[in-house]
Every structure is written in structure tokens, then in C-alpha cells.
Amino acid sequence: MPATACPCGSGLAVAACCGPLLSGSAVAQTAEQLMRSRYSAYVLGGRDYLLASWHPSTRPATLELDPAVRWLSLSVKRHQQTAPDAAVVEFVARCKVGGGSAARLHETSRFVREDGRWYYLDGDFP
């Protein structure tokens, strides 16, 4: 049986890519790696991982994932280290809601690293 491809689009199997991050057996080494793993968590329904990887200063109290949303693809446009413990990642994610047409989510996300761990801080929609 072939290995399941990682939803983040890396071309690797999920077990060799975002899987260890989602299971908690590894931590992201870069902001881009965290962003890719967060996308995979949205695809795979990893609500707890999404909340845990969200910076406490901006983390919502709860997070409900809409089962009608089907994530289709991820394209990373830019990853820029802006300081030793800060970075931005610009990406476009495509999804479908129910039977509707595909939509694009274009975001420039900010990330911070604290105690060796990257966190999603917030994002802008250019």
C-alpha cells in the first residue's frame, strides 16, 4: 500500500513530513514548516494541534473546523526570517465549501519563536 502523501504539498509522505509535528513527536524547525503543518492540520482535522501551535496572545478560546470545507492545495509564495525569532510566510491555500466553486485564501502570516518553538501569531490578507 503506498504511503499517504502529505497534504502540505511537499511531495513527501505524511509520516516523513508533517506527521511527526502533528503527533507531537517533533517540533517545527522553521516558520514555513510550522505553517505547512498547520495547513495539514486543517486538512486532517487537527484542531488541538492548531490551537497548540497558535501563540497564546492571539489564540482563540475555541476553534471549530467546518466539515463542509475541503482543502485542495497549498502554495508557499514566500518565507522570510525577519528577526532571529520572527518570520513571515506568504501562502495561497485553495478550498471548496460544500458543492461551491474553489476559493483562494491568500495570507501573509506572522510567526514568532519562543523557547525554541515556533508559533503562529496572526495574518494579513493582501
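Residues numbered from 1 in each chain as written. Predicted model: local features only at pLDDT ≥ 70, side-chain atom pairs only at ≥ 80, totals over all residues. Heavy atoms only, no water.

With that out of the way, let us pick up the pairing of strand β4 (residues 117-124). The two faces of a sheet get side chains in turn, since along a regular strand they alternate between them. Where strand β3 (residues 103-114) and β4 come together, seven bridges link them in antiparallel fashion. By the bridge assignment for β4, valine 112 is matched with tyrosine 119. Where β3 folds back onto β4 in an antiparallel hairpin, the turn is made up of two residues, including aspartate 115, whose phi is positive at roughly 50°. (Pairing = 2+ DSSP bridges. Helix = DSSP H or I, 4+ residues; strand = E, 2+ residues; numbered from the N terminus.)

Spatial strand order, β1-β2-β3-β4: four strands in an open sheet with antiparallel pairing. Sheet topology places β1 (69-83) and β4 at the edges, where each strand pairs with a single neighbour. With direction set aside, neighbouring strand axes in the sheet form an average angle of 30°. Inspection of the sheet shows strand β2 (residues 86-97) paired to β3 by 10 bridges, in the antiparallel sense. Paired with arginine 94 across the two strands is arginine 104, which belongs to β3. Against the sheet, helix α2 (residues 31-44) touches β1, β2, β3 and β4, its axis set at about 165° to β1. (Axes fitted to C-alpha atoms, helices over the stretch in contact; angles between N-to-C directions. Contact = heavy atoms within 4.5 Å.)

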